[in-house]
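# Structural features, examined
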Amino acid sequence: MTAAVGLTPTLDVEAMLERHRAAAAALPYTHVSDHIIGGERRPSRGSGTIPVVDPATGEQWGSVPIADRADVDEAVAAARAAFTEWRALSPSARAVLLTRMADEVEARAHDLGVTNTLENGSPVAETSRAAANAASILRHFAGLADHLERADVRPFPDGLNETVVNRDPVGVCALIAPWNFPINLVVIKLAPALLAGCTVVIKPASPTPLSIRYLVDAAHAAGIPAGVVNLITGNGEIGDALVRHEGIDKVAFTGSTPVGRRIAAACGELLRPVTLELGGKSSAIVLPDADLDHLGSVLVRSCLRNTGQTCYISTRILATPANYDAVVQLVAETIAGSTLGDPLDDATVFGPVATASQEATVRGYLRAGVTEGARVVAGGDLPNPFGIGTFTTPTVFADVAPEMTIAREEIFGPVITIIPVRDVEHAIEVANNTPFGLGGIVFGRDEAAAYEVARRVDTGSIGINFFASNHSAPFGGRHDSGMGVEYGVEGLEAYLTPQSVHRRR
């Protein structure tokens, strides 16, 4: 059996403090007191502020205002006023502006990435790609303009009449972003909404309110008219006011399942369309013929991306007796050998978790795993190795039973659980024994056989020997992982409402 492996991170804490303070001082946005409404920076009507805290150091380096209801009213009114002009543009004309916006986002790549890292602790190796990925999403949806301009005429069964099916923008949309990937998880809503002809009000998560400003700046620099993209900051109360505002026609939210349920309830009461991308507890099924060297090469990206703070990652690894011990040793050594450290260092694999409350949550799950009998083979509930920030040692549990808390609940931190299963049939049963259904992976050399296993897993997306999002394919969850999809033509259709016009041929 594998002995416990512990990370031995090294970090010059004083050097990190100096680096982070210098990085924050060089940014254009730190302490702001306004919202971006109608193309203007308008002073907040609210009196409170939200501190922006660097999770690596624990130091506050920025702040944003907490909007009040009057700010929400103004932002929605600005979006409503801009809607008529924006929807009147052809999809091709809107696509040109989206392409320009992509260029403008890329021009802000450095400041955007550094801001993101200082907000949520994501390693710069991750955040340095955020602008390029956002630009790619914008360009992808710009390329779907012809889908909206293509004539859709359908004959009646009698052959005497026909119906022209038109697609109209749904209207003013509330886009509510999470803190784990604040840029890309806004852009996968913003890009299709804008191409469809919708106008938007963005409300970012409280820990990550500043990086979104670079997106709004990019939209304005690209020539997108004032009022089409608006930004307000605030707490959950302001998010609720936005969701329930009478001037909002659709809501799109990424975040936790409990908050998603409340938003779904509000939208159901209001008969308001909503797209929800929520939590996950996905499984990686390791078939007996799996290439373990390949598994090791993609393990962090597939199972603990962004320090485990990614909704679709496969934090549960299911292995049969054919390779269980080898899988445990591989996973433990790979995770223990990955660098935990300064998120502004290119070599860092794992940074801090995003907030102090999330650190407490993760440590609670680490204690629950031990209490319920799981075996720690890497990491554990160890003291913060640096004595600063919200660093938690990445942890691997083996001999995890499917009914254990750490096997069933979304931890959203650097924790992998390895579950022994009797055979492939049992692996499929365990993979499906969860209220979630967002991601998943099947590892196996025989990819045809792996595909057949993947088709039996009850989830919205699943990969064979890897997992990645494809801009052209729908991404969404089943069950407690959400409703509706993003990406692809299907993600664009979520911001459209059809109108059928019947006429004689």
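What counts and how
- Residues numbered from 1 in each chain as written.
- Predicted model: local features only at pLDDT ≥ 70, side-chain atom pairs only at ≥ 80, totals over all residues.
- Heavy atoms only, no water.
- Helix = DSSP H or I, 4+ residues; strand = E, 2+ residues; numbered from the N terminus.
- Rg over C-alpha atoms; globule rule 2.2 N^0.38 Å.
- Buried < 20%, exposed > 50% of the residue type's maximum accessible area, 1.4 Å probe, protein only.
- Areas by Shrake-Rupley, 256 points an atom, 1.4 Å probe, with all protein chains shown as cover.
- Lys, Arg positive; Asp, Glu negative; His and termini not counted.
- Charge placed at Lys NZ, Arg CZ, Asp CG, Glu CD.
- Core = buried A, V, L, I, M, F, W, Y, C linked by side-chain atoms within 4.5 Å.
- Salt bridge = Lys/Arg side-chain N within 4 Å of Asp/Glu carboxyl O.
- Expected span 1.5 Å × (residues − 1).
- Contact = heavy atoms within 4.5 Å.
- Polar contact = N/O pair within 3.5 Å; in protein donor to acceptor, adjacent residues only side chain to side chain.
- Pairing = 2+ DSSP bridges.
- Axes fitted to C-alpha atoms, helices over the stretch in contact; angles between N-to-C directions.
- 1 Å grid on protein atoms, 1.4 Å probe; cavity = no way out; pocket = protein on both sides within 12 Å on 5 of 7 lines; lining within 4 Å.
- Points joined across faces, edges and corners; volume = space filled by probe spheres on them.
- Phe/Tyr/Trp six-rings, centres within 6.5 Å; stacked < 30°, edge-to-face > 60°.
- Lys NZ or Arg CZ within 6 Å of the ring centre and 35° of its normal.

The subject of this paragraph is the overall build of the protein chain. Each helix and strand counted, the protein chain has 18 helices and 20 strands in total. A compact globule built from 505 residues should have a C-alpha radius of gyration of about 23 Å, and the protein chain, at 23 Å, falls within 12% of that. Dimensions of the protein chain, computed from C-alpha atoms along their principal axes, come out at roughly 75 × 65 × 40 Å. Taking all 505 residues of the protein chain together, 59% fall into the buried category. Only carbon and sulfur atoms are counted for the fraction: they give 52% of the accessible area of the protein chain, which is about 19000 Å². The averaged location of the 57 negative side-chain charges in the protein chain is 6 Å from the averaged location of its 40 positive side-chain charges.

This paragraph deals with the nonpolar core. Grouped together as the largest cluster of nonpolar side chains are 135 residues, with contacts concentrated most on Met-101, Val-229, Ile-317 and Ile-416. Here this core takes ten residues from helix α8 (residues 184–196), the largest share from any one element. Residues Phe-397, Val-421, Ala-431 and Val-457 belong to the second largest nonpolar core, which totals 28 residues.

Attention now moves to the pattern of salt bridges. The final tally for this structure, using the stated rule, is 32 salt bridges. Taking the shortest distance from any N to any O, the salt bridge between Glu-486 and Lys-189 comes out at 3.1 Å. Within this pair, whereas Glu-486 is found in the loop between β19 (482–483) and α18 (488–493), its partner Lys-189 is found in helix α8, the two being separated by 297 residues in sequence. Given the relative accessible area of 1%, Lys-189 is considered buried. Here Arg-244 and Glu-269 are joined by a salt bridge, their closest N and O atoms 3.6 Å apart. Of this pair, Arg-244 sits in helix α10 (residues 236–244) while Glu-269 sits in helix α11 (residues 257–270), and the two are 25 residues apart along the sequence. What makes Glu-269 exposed here is its relative accessible area of 58%. When salt bridges that share partners are traced, they join Glu-40, Arg-42, Arg-45 and Glu-74 into one network.

Over its twelve residues, helix α12 (residues 292–303) extends only 14 Å from the first C-alpha to the last, a length that falls short of the 16 Å expected when each residue adds 1.5 Å. Those residues of α12 that fall on the buried side of the exposure criterion are Leu-295, Gly-296, Val-298, Leu-299, Val-300, Ser-302 and Cys-303. Turning to α12, the residues buried within the fold contact β12 (283–286), β13 (316–319), α13 (324–336), β16 (415–420) and β17 (441–443). Two or three places before Asp-293, at the start of α12, stands the capping residue Asp-291, its side-chain oxygen 3.1 Å from that residue's backbone nitrogen.

Okay, the sheet that holds strand β20 (residues 496–504) next. As summarised here, the arrangement of the three strands in space is β5-β6-β20, forming an open sheet in which the pairing is antiparallel. Two strands close off the open sheet at either side, each with one partner strand: β5 (153–155) and β20. Between one strand axis and the next, the sheet turns through 25° on average, direction left out of account.

The subject of this paragraph is the sheet that holds strand β14 (residues 375–378). Taken together, seven strands build an open sheet; the order of strands is β14-β15-β16-β13-β12-β17-β18 and the sheet is mixed. Of all the strands in the sheet, the pair left with one neighbour each is β14 and β18 (463–464). Sheet topology note: the β12/β13 ladder contains four bridges and is parallel. Residue pairing across strands places Ala-284 opposite Ile-317, the latter belonging to β13. Of the strands in this sheet, β12, β13, β14, β15 (395–398) and β16 are in contact with α13, which crosses β16 at around 175°.

A separate point is the layout of surface pockets. Taken as a whole, the largest pocket holds about 940 Å³ of empty space. Taken together, 41 residues line the largest pocket, and the ones lying closest to its centre are Trp-179, Phe-253, Gly-255, Ser-256 and Val-259. When contributions to the lining of the largest pocket are tallied by element, the ones reaching two or more residues are α10, β10 (250–254), α11 and α14 (356–371). The element contributing the most residues to the lining of the largest pocket is α11, with seven residues.

Let's shift gears to the packing of aromatic side chains. Applying the stated rule across the entire model yields five aromatic pairs. Here the aromatic rings of Trp-179 and Phe-412 are separated by 5.5 Å at their centres, their planes lie at 80°, and the arrangement is edge-to-face. Linking Trp-179 in the loop between β7 (172–176) and α8 with Phe-412 in the loop between α15 (405–408) and β16, this pair joins segments that are 233 residues apart in sequence. This pair shows no difference in class: Trp-179 is buried, exactly as Phe-412 is. Their ring planes at 85° and their centres at 4.7 Å tell us that Phe-386 and Phe-391 sit as a pair that is edge-to-face. Both residues of the pair, Phe-386 and Phe-391, count as buried. These aromatic residues form a ring-pair network of at least three members: Tyr-312, Phe-467 and Phe-475. Its end group placed over the ring of Tyr-29, Arg-213 keeps NZ or CZ at 5.5 Å from the ring centre. For Lys-250, the ring lying beneath its charged end belongs to Tyr-495, and the centroid distance is 5.0 Å.

Function cannot be inferred from these measures alone, as they are strictly geometric.
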